[in-house]
Amino acid sequence: MKQGKRRIAALLAAVMMGTCVPQVLPSNPEILVAEAHSGRTDSHGGHHDNKNKSGLGSYHYHCGGYPAHLHPNGVCPYQSGQASGGGSTSGSGAGNSQTAKTEIPENIDLVFDANYYADHNPDLYDAFGYDYDKLLEHFLTTGMAEGRIAKADFDVNCYRENYQDLQDAYGDDLPSYYHHYMDCGCREGRKACR
């Protein structure tokens, strides 16, 4: 009997952990370092920590294998002043510091392709060319709120129209639809385009 209860409890815990519940956790720029934890990093050397295991908020860095830390003013405290840092940052310094200020979702590639975004938005191409960091910064700070399509197989308006539960939850808050798809909608097999 006890064995059966334990199995049921374990099953319920697994189901609850697998359920998608959008979370917004505040970051605290005063804290710089915390204990390391598991998780892959993105091309900027950082990743999302939605459960805030690090104590640094929902996004932080592990540049060059250093402990979890933030980049105050877009600058890595471990790599400032070093000729080569060993971390995996990309692009030019100006673009990185600007993008580092904005949280980059872990699964951004599900809704964003820089070349597609530039090719299908002439105003952005004229302003930024194919500069990945600047295009991403625009998408995260402005493009999502405008409902711009940044990847061939994700149309936020179609995603919104297909799911009444999302309309009930998010209304006209377009960035929430992008985040829902990245956080769990894709994994749930929800349709993102016509």
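Residues numbered from 1 in each chain as written. Predicted model: local features only at pLDDT ≥ 70, side-chain atom pairs only at ≥ 80, totals over all residues. Heavy atoms only, no water.

1. Brief notes about the overall build of the chain
Within the chain, the regular secondary structure consists of 8 helices and 4 strands. Counting helices and strands in the order they occur from the N terminus, the chain gives α-β-β-β-β-α-α-α-α-α-α-α. Expressed as a percentage of the 194 residues in the chain, the buried residues total 37%. For the chain, restricting intrachain contacts to residue pairs at least 6 apart in sequence, the fraction spanning at least 24 positions comes to 54%. Only carbon and sulfur atoms are counted for the fraction: they give 52% of the accessible area of the chain, which is about 11300 Å². (Helix = DSSP H or I, 4+ residues; strand = E, 2+ residues; numbered from the N terminus. Buried < 20%, exposed > 50% of the residue type's maximum accessible area, 1.4 Å probe, protein only. Contact = heavy atoms within 4.5 Å. Areas by Shrake-Rupley, 256 points an atom, 1.4 Å probe, with all protein chains shown as cover.)

2. Concerning the packing of aromatic side chains
According to the stated counting rule, one finds 12 aromatic pairs in the structure shown. Each ring, one from Y125 and one from Y130, has its centre 5.1 Å from the other, and the planes form 65°; the classification is edge-to-face. For Y130, a relative accessible area of 43% translates into the label partly exposed. Geometrically, the ring pair formed by F139 and Y178 is edge-to-face, given 5.4 Å between the ring centres and 90° between the ring planes. Note that F139 is positioned in helix 5 (residues 132-146) and Y178 in helix 8 (residues 174-185), a separation of 39 residues in sequence. Above the face of the Y163 ring, R190 is positioned so that its terminal group lies 4.7 Å from the ring centre. (Phe/Tyr/Trp six-rings, centres within 6.5 Å; stacked < 30°, edge-to-face > 60°. Lys NZ or Arg CZ within 6 Å of the ring centre and 35° of its normal.)

3. A closer look at the packing of helix 5 against helix 8
Put simply, helix 5 and helix 8 touch, their axes get as near as 7 Å, and they point 105° apart. What the angle tells us is that helix 5 and helix 8 run roughly perpendicular. Between helix 5 and helix 8, the contacting residues are F139, G143, M144, A145 and E146 on the first element and L174, P175, Y178, H179 and M182 on the second. Class assignment of the residues belonging to the contact of helix 5 with helix 8 gives a composition of 7 nonpolar, 2 polar and 1 charged. (Axes fitted to C-alpha atoms, helices over the stretch in contact; angles between N-to-C directions. Parallel < 35°, antiparallel > 145°, perpendicular 65-115°, else oblique. Nonpolar A, V, L, I, M, F, W, Y, C, P; charged D, E, K, R; others polar.)

4. Focus on the environment of G46
Its place among the elements puts G46 in strand 2 (residues 46-48). Here G46 falls in the buried class, since its relative accessible area comes to 0%. In this structure, the C-alpha to C-alpha distance between G46 and L70, residues 24 residues apart in sequence, is 9.0 Å.

5. Looking at the nonpolar core
The biggest cluster of nonpolar side chains holds 26 residues, and the ones touching the most others in it are I108, V111, F112, F139, F154, Y159 and Y178. When residues of this core are traced back to their parent elements, those giving at least two are helix 3 (114-119), helix 5, helix 6 (156-162), helix 7 (164-170) and helix 8. (Core = buried A, V, L, I, M, F, W, Y, C linked by side-chain atoms within 4.5 Å.)

6. Some points on the confidence of the model for the chain
When pLDDT is averaged along the chain, the result is 73; 53% of the residues meet or exceed 70. Per-element mean pLDDT across the chain ranges from 40 in strand 1 (residues 33-34) up to 96 in helix 3. Counting contacts from residues 21-36, a segment whose pLDDT is below 50, to residues more than four positions away or on other chains yields 33 contacts. Low pLDDT, under 50, characterises residues 80-100; the predicted model gives this stretch 34 contacts beyond four residues in sequence or across chains. (pLDDT = per-residue confidence, 0-100.)

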